[in-house]
Amino acid sequence: MGAQLSVDPSVHVVIVGGGFAGIAAARQLKSQGVPFTLLDLKDAFHHNVGALRASVQSGFARKTFIPYIATFGESFKQGRVVRIDLETQTVVLEGGEELKFSHLILSTGSEGDFPGKFNEPVTMETAIQQYEDMVKEVQAAERIVVVGGGSAGVEMAAELKTDHPSKEVTLIHSRVALADVELLPSVRQGVKEGLLQKGVQLLLSEKVSNLAELSINVTQKGMKVLTDKGSEVTADLVIRCTGIRVNSAAYSSALGDRLAENGALRVNAHLQVEGLQNVYAIGDCAHLQEPKMAYHAGLHGAVAAENIINTLRNKPLRSYTPGCLNMLVTLGRDDGIGQINGYKVGSLVVRMAKSKDLFAGKSWKEMGQPIPQ
């Protein structure tokens, strides 16, 4: 990228959201000396790729939360964005504090159920304790039902059965095939076979009909989980892995006319929000025809930051080409299956690349901090 920029005092980039996309943009701007403020609800980056293991294996949660301030110093601020004013180029935080921006990067990510997602305005230590509390709930339950058989539900069931082979684990999924729909049929079949080999019981093409009446993530002996096909499963613990939604709360009122149906923002090839040259959307809140993955989010962040730098240098903007599905599905620490460049890859590749630490070490390295042992 060359030497650090000498920038006009009016230049200040505000990044809303410190997930994989946001920290990639922040690191790039920091390396070039561009003034920025990274905003997030939490005081630590959540490496949520490891969230499911952190809810089963005691001690792992500490490897999934990385303090922002140690990496970004005074360029990080904890807070919730309640309003964006495009006319005055201002971001307003809960409590009334205002931040002026010359450029805005929206990387608000997606929200969903704990333990797969964690979007609460708490300290890192409180967040870690919530996962440790979940570990205890898992330990106390003998019969566990996982609701939802996308990749998160699959990995959750596998983590449970890997660490607790004697527990009864049932995965209930409303469709016939497991994991992501973009995966090859042979990969999805391999996921099914891997779970069955671990001893996970599968109820496929059935939807839980009484989910609203069940206690979620809390051990309660003898709960009755009912499905729309008349099945009944007795559970001591129910874990929900469904319903990931784009987190549009920060920008929906200001940018409502630029929203796609799912709440993501329509962007051009440079990841600029439709019709706005100084506002970018990256990660899950960018409406792109590609799988929502941490890897892609990181690429978005780098492109958006580079384009802001190119704008300041009066250089041409870089285009982003949506990526194909490269996914490694872990089935606990000892197994997995995946797809790379349209080809199925087996357990050995997945174990070597991902299963051991779920890329946590990579995130700590990118944040410039040593991973806790």
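Everything numeric here is computed off the predicted structure, so don't read it as measured data. (Residues numbered from 1 in each chain as written. Predicted model: local features only at pLDDT ≥ 70, side-chain atom pairs only at ≥ 80, totals over all residues. Heavy atoms only, no water.)

Visitor: Would you mind going over the sheet that holds strand β6 (residues 81-85) in detail, with residue names and values included?
Guide: If you walk across this open sheet you meet the three strands as β6-β7-β8, and the pairing is antiparallel. Every interior strand has two partners, whereas the edge strands, β6 and β8 (98-100), have only one. Strand after strand, the sheet turns through a mean of 20 degrees between neighbouring axes, direction not considered. (Pairing = 2+ DSSP bridges. Helix = DSSP H or I, 4+ residues; strand = E, 2+ residues; numbered from the N terminus. Axes fitted to C-alpha atoms, helices over the stretch in contact; angles between N-to-C directions.)

Visitor: Help me get a handle on the pattern of salt bridges, residues and values and all.
Guide: One side chain can pair with another of opposite charge once the charged atoms of both are near each other. Tallied over the entire structure, the rule returns 18 salt bridges. Ionic pairing is found between Arg80 and Glu94, a salt bridge with its closest N-O pair at 3.7 Å. With Arg80 in the loop between β5 (76-78) and β6 and Glu94 in the loop between β7 (90-93) and β8, the pair connects residues that are 14 residues apart, well separated along the chain. Its relative accessible area of 35% is what places Arg80 among the partly exposed residues. A salt bridge links Asp113 to Arg240; the nearest nitrogen and oxygen atoms lie 2.9 Å apart. With a gap of 127 residues between them, Asp113 in the loop between β10 (110-111) and α4 (124-140) and Arg240 in strand β16 (residues 237-240) connect regions that are remote in the sequence. Among the residues examined, Arg240 registers a relative accessible area of 25% and is labelled partly exposed. Connected through salt bridges with shared partners, the residues Arg27, Lys362 and Glu366 form a single ionic network. (Salt bridge = Lys/Arg side-chain N within 4 Å of Asp/Glu carboxyl O. Buried < 20%, exposed > 50% of the residue type's maximum accessible area, 1.4 Å probe, protein only.)

Visitor: Which residues make up the packing of aromatic side chains, and what are the values?
Guide: This structure, assessed with the given rule, holds eight aromatic pairs. Ring geometry for Phe114 versus Phe118: centroids 6.0 Å apart, planes at 65 degrees, classification edge-to-face. Seen from their ring centres, Phe118 and Tyr131 are 6.0 Å apart, and the 40 degrees between their planes marks the pair as tilted. Of this pair, Phe118 sits in the loop between β10 and α4 while Tyr131 is found in helix α4, placing the two residues 13 residues apart along the sequence. Note on accessibility: Phe118 and Tyr131 belong to one class, buried. Following the ring pairs from residue to residue traces out a cluster consisting of Phe65, Phe114, Phe118 and Tyr131. The ring of Phe60 carries the charged tip of Arg53 above its face, separated from the ring centre by 5.7 Å. (Phe/Tyr/Trp six-rings, centres within 6.5 Å; stacked < 30°, edge-to-face > 60°. Lys NZ or Arg CZ within 6 Å of the ring centre and 35° of its normal.)

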